[in-house]
Amino acid sequence: MSTTASYSVSTATRASTIAGALGLVLVVGLFVAPAFISRSLIQDLFFIFTMLTLAQFWNMLAGYGGLVSIGQQAFVGIGAYTLFASSILLGVDPVFAIVLGGLAGLALAVPTAFFAFRLNGAYFAIGTWVIAEVVRLLVAQWKAVGGGTGTSLPRSVRSEIVFTETIESLSGVRAAAARDILAYWLALILVISAIAGIYWLLRTKRGLALAAVRDNMEAAKSVGVDALRMKWVVFLSAAFGTGMTGALIYMQKARISPDAAFSVTDWTAYVIFIVVIGGIGTIEGPIIGVLIFFLLQSALSDYGSWYLLILGLIGIAVMLFAPRGVWGLITDKTGIQLFPIRRTLHFKNNKEEG
Amino acid sequence: MIWVNTIVQGILLGGLYALFAAGLSLVFGIMRLVNLAHGDLIVLGAYLILVIVTLLGLHPLLAVLIAAPAMFVLGWVLQKYMLNRVLGDDILPPLLVTFGLSIALQNALLEGFSADSQRLPTGALASASLDIGGLSVGVLPLLTFASAVLVVLVLNRIFYTTSLGRAFRATSDDAVTASLMGIKPANIFAVATGIAMIIVTIAALYLGMRSNFDPNIGPARLIYAFEAVIIGGLGSLWGTLLGGIIIGLAQTIGAAINPEWQILSGHIAFLVVLIFRPRGLFPRATD
């Protein structure tokens, strides 16, 4: 008689299975929601989805890749401007131009990484910021899209966006509301793809390599992880996603200027606070963070600069006293993980007659 | 002759950027900390001088003598009670804390002083100029440049000839071993940030006397300072001065060709240096 121990490896936990089922219900609910909710709520949710997408990509860079970028506004801006330029100058439908925005982000990420990867750690952060400034100053010279003052999506372009007529006739809302619903659905698709894509990446072999590089680059290299290649993979995917998000945000806004599209406050500072307050290095963190951020903004938006002052102080306090953010506090207390990536071994003892 | 003038102006402007950068360079050299609120602290210094000038009716050159010790204390407290807590192998916490500080400071200044741009009163100094070999050179830019050279000289002197400097170098090399020799790294770091804040106040003085300032201009000053530090090479103060001069020259020459290119030219000079000398012109630190 011999005993062989066999085992299986899995990452699922009971909480994650339940969360997965609830998540599915939530997603279906959010897709049909525009039929029931008001236009202002649709716009609020659009804001939440797009900020969450940006936050997930920044979190992937900083929390998993160890690449603290303060220059993500470069990709938001270039994506947005690509949408405006291709739809105004070339007549591309804005919905398809969103993909072009992502590709433009990707294209910009190559030279950005070439420069910024020469800088380590903290200097990488400011290096990306310098490049975002360079891109902003260059775009401000581009007269065809309004130069320094910016431009609007012409009515002729806005009225011909695909699917809007279908939405109009199906739901009986006006064109402007139909465009909001379209933008909402696109944002929902984008945020779900971002979360699913990042979660998938983290669970693959590459995700393991990524965590190894973040925790100890030298040790990771010594076991054969190509650290630089991982950095490129993460940086380029974040740039692609951030570019698409930027394009979508400005398709909905329909008005652009270099200072707004390349704003370090709107597209990087807010995003950093969302990730830090929610909990960096987790997928759940940014989701919690964006909800807290939205509530704070709704409560304090009348107080102007007080709002950002308070947000800055909260960010500092979280970093000093709870560096793993709100989600970190929750997991410490409960051990719940909704998006588990840690692999656990399950042993099964099989007795075989010999 | 116009070109000679442009180049002289560029070099003198570089003095201002070197002043922005010297504090950043000092702090990075000793504790590998990049303070993202550096630019906003310069702006805070300028407002502090403005308040002293307004309340006491002093000339800014005298007001700085009151502002500098106050900023030293602020830097000391900031380092001792906040930044020391986040120093470590992980670069993320100090970056995010100083970024939060930057946003908080900007908006506190906006709340306190509004977005209107301000300027320090300089009296006759603003328009005074010297005639040097047919070139008319402003006294204020000359003073700025001289102060930058003096700051670098004094800092190097502190670094290499005093016991405080020895403690700085020892902590920079190996904080654990230094603490075995009776040095308290936490206090050394606090003093270093305090000194950096004195330099920040000097930078703020010239910033406020030479141009308008408002609460939002901090981040751009941080970027110029950062570019100067990287061009010069991490840890070299003379390198930082040269880095400032290169940014100043690039901006002035760019502006002479097309006024819209001023800022852009400075950034491009930085990127060009980064291609050919990724570790700067005079690298000293190994990281």
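Keep in mind that this is a model prediction, so the values were computed, not measured. (Residues numbered from 1 in each chain as written. Chains lettered and ligands numbered in written order. Predicted model: local features only at pLDDT ≥ 70, side-chain atom pairs only at ≥ 80, totals over all residues.)

1. A closer look at the overall build of chain B
- Scanning chain B from terminus to terminus reveals 11 helices and 2 strands.
- For chain B, the sequential pattern of α-helices and β-strands runs α-α-α-α-β-β-α-α-α-α-α-α-α.
- Here the C-alpha atoms of chain B give a radius of gyration of 19 Å, agreeing with the 19 Å that 2.2 N^0.38 yields for 287 residues.
- By its C-alpha atoms, chain B is 60 × 50 × 35 Å across when sized along the principal axes.
- Taking all 287 residues of chain B together, 53% fall into the buried category.
- Within chain B, contacts between residues at least 6 apart in sequence are counted, and of these 74% link residues at least 24 apart. (Helix = DSSP H or I, 4+ residues; strand = E, 2+ residues; numbered from the N terminus. Rg over C-alpha atoms; globule rule 2.2 N^0.38 Å. Buried ≥ 20, exposed ≤ 12 C-beta atoms within 10 Å, placed from the backbone. Contact = placed C-beta atoms within 7 Å.)

2. Considering the overall build of chain A
- Of regular secondary structure, chain A possesses 16 helices and 4 strands.
- Its C-alpha radius of gyration of 22 Å places chain A within 12% of the 20 Å reference for a compact globule of 354 residues.
- Dimensions of chain A, computed from the C-alpha atoms along their principal axes, are close to 80 × 50 × 40 Å.
- A total of 354 residues make up chain A; the buried ones form 44% of that total.
- A fraction of 77% describes how many contacts in chain A between residues 6 or more apart in sequence connect residues 24 or more apart.

3. Details of the packing of helix α2 (residues 38-56) of chain B against helix α9 (residues 218-232) of chain B
Residues and elements named next belong to chain B.
- Put simply, α2 and α9 touch, their axes get as near as 6 Å, and they point 120 degrees apart. One element, α2, and the other, α9, form an angle in the oblique class. For α2 against α9, the interelement crossing comes out right-handed. Of the residues in α9, those touching α2 at His38, Gly39, Asp40, Ile42 and Val43 are Gly218, Pro219, Ala220, Arg221, Leu222 and Ala225.
- The residue makeup of the contact of α2 with α9, split by class, is 6 nonpolar, 3 polar and 2 charged. (Axes fitted to C-alpha atoms, helices over the stretch in contact; angles between N-to-C directions. Parallel < 35°, antiparallel > 145°, perpendicular 65-115°, else oblique. Left-handed = near helix turned anticlockwise from the far one by under 90°. Nonpolar A, V, L, I, M, F, W, Y, C, P; charged D, E, K, R; others polar.)

4. Some remarks on the pairing of strand β2 (residues 135-138) of chain B
Residue and element names in this part refer to chain B.
- In this structure, strand β1 (residues 129-132) lies alongside β2, joined through 4 bridges in antiparallel fashion. Directly across from Ser129, in β2, lies its bridge partner Gly138.
- Linking β1 to β2, which pair antiparallel, is a turn of 2 residues; within it Gly133 sits at a positive phi near 55 degrees. (Pairing = 2+ DSSP bridges.)

5. Here's the deal with the interface of chain A and chain B
- Taken together, the contacts link 32 residues of chain A with 33 residues of chain B.
- Those elements giving two or more residues to the side of chain A that touches chain B turn out to be α5 (121-139), α13 (264-278) and α15 (305-321) of chain A.
- Considering every element that reaches the side of chain A that touches chain B, the biggest residue donor is α15 of chain A, with 11 residues.
- For the side of chain A that touches chain B, the per-class residue count stands at 24 nonpolar, 6 polar and 2 charged.

6. Some details on the environment of Phe72 of chain B
Residues and elements named next belong to chain B.
- Checked against the element boundaries, Phe72 lands in helix α3 (residues 60-86).
- We classify Phe72 as partly exposed; it has 19 C-beta atoms within 10 Å.
- Once the C-alpha coordinates of Phe72 and Thr201 are considered, the two residues, 129 residues apart in sequence, prove to be 9.0 Å apart.
- Those residues in contact with Phe72, other than ones at most four positions away along the chain, are Gly194, Met197 and Ile198.

7. Some remarks on unusual backbone geometry
All names here are of chain A.
- Positioned with a positive phi, Ala254 is a non-glycine residue whose angle comes to about 65 degrees.
- Note that Ala254 resides in the loop between α11 (227-253) and β3 (255-256).
- The partly exposed category is assigned to Ala254, around which 17 C-beta atoms lie within 10 Å.

8. Here's the deal with the confidence of the model for chain B
- Per-residue confidence for chain B gives a mean pLDDT of 92; residues scoring 70 or more make up 98%.
- With pTM at 0.90, the complex prediction returns an ipTM value of 0.88. (pLDDT = per-residue confidence, 0-100.)

9. So, the nonpolar core
Residue and element names in this part refer to chain B.
- Counting residues in each nonpolar core, the largest one holds 199 residues, and the members touching the most others are Leu19 and Ile49.
- Tallying contributions element by element places helix α8 (residues 185-210) first for this core, with 17 residues.
- Those residues in contact with Leu19, other than ones at most four positions away along the chain, are Thr144, Ser147, Ala148, Val151, Ile199, Ile202, Ala203 and Tyr206. (Core = buried A, V, L, I, M, F, W, Y, C linked by C-beta atoms within 7 Å.)

10. So, the packing of α15 of chain A against helix α4 (residues 92-113) of chain B
- In contact at an axis separation of 8 Å, α15 of chain A and α4 of chain B are set at 155 degrees when each is read in the N-to-C sense. Classified by the angle between their axes, α15 of chain A and α4 of chain B sit roughly antiparallel to one another. Note on packing geometry: the crossing formed by α15 of chain A with α4 of chain B is left-handed. Along its contact with α15 of chain A, which presents Ser305, Trp306, Leu308, Leu309, Leu311, Gly312, Leu313, Gly315, Ile316, Met319 and Leu320 of chain A, the element α4 of chain B presents Pro93, Leu96, Val97, Gly100, Leu101, Ile103, Ala104, Asn107, Ala108, Leu110 and Glu111 of chain B.

11. With respect to the environment of Gly289 of chain A
Residue and element names in this part refer to chain A.
- When you line up the elements, Gly289 lands in helix α14 (residues 284-300).
- Look at Gly289 and you get buried, because 30 C-beta atoms sit within 10 Å.
- Along the primary structure Gly289 and Val276 are separated by 13 residues, whereas in three dimensions their C-alpha atoms are 7.5 Å apart.
- Not counting residues up to four positions away in its chain, the partners in contact with Gly289 are Ala55, Ile274, Val275, Ile277, Gly278 and Gly325.

12. Quick word on α4 of chain B
All names here are of chain B.
- Taking 1.5 Å per residue, 22 residues should reach 32 Å; α4 reaches 31 Å between its end C-alpha atoms and fits that length.
- Burial runs high along α4: 16 of the 22 residues are buried.
- A positive phi of about 65 degrees marks Ser114, the residue just after α4. (Expected span 1.5 Å × (residues − 1).)

13. Topic: the environment of Ile249 of chain A
All names here are of chain A.
- Structurally, Ile249 can be placed in helix α11.
- When the 27 C-beta atoms within 10 Å are taken as the criterion, Ile249 is described as buried.
- Along the sequence, Ile249 and Met319 sit 70 residues apart, while their C-alpha atoms lie 29 Å from each other.
- Not counting chain neighbours up to four residues away, the residues in contact with Ile249 comprise Thr50 and Ala80.

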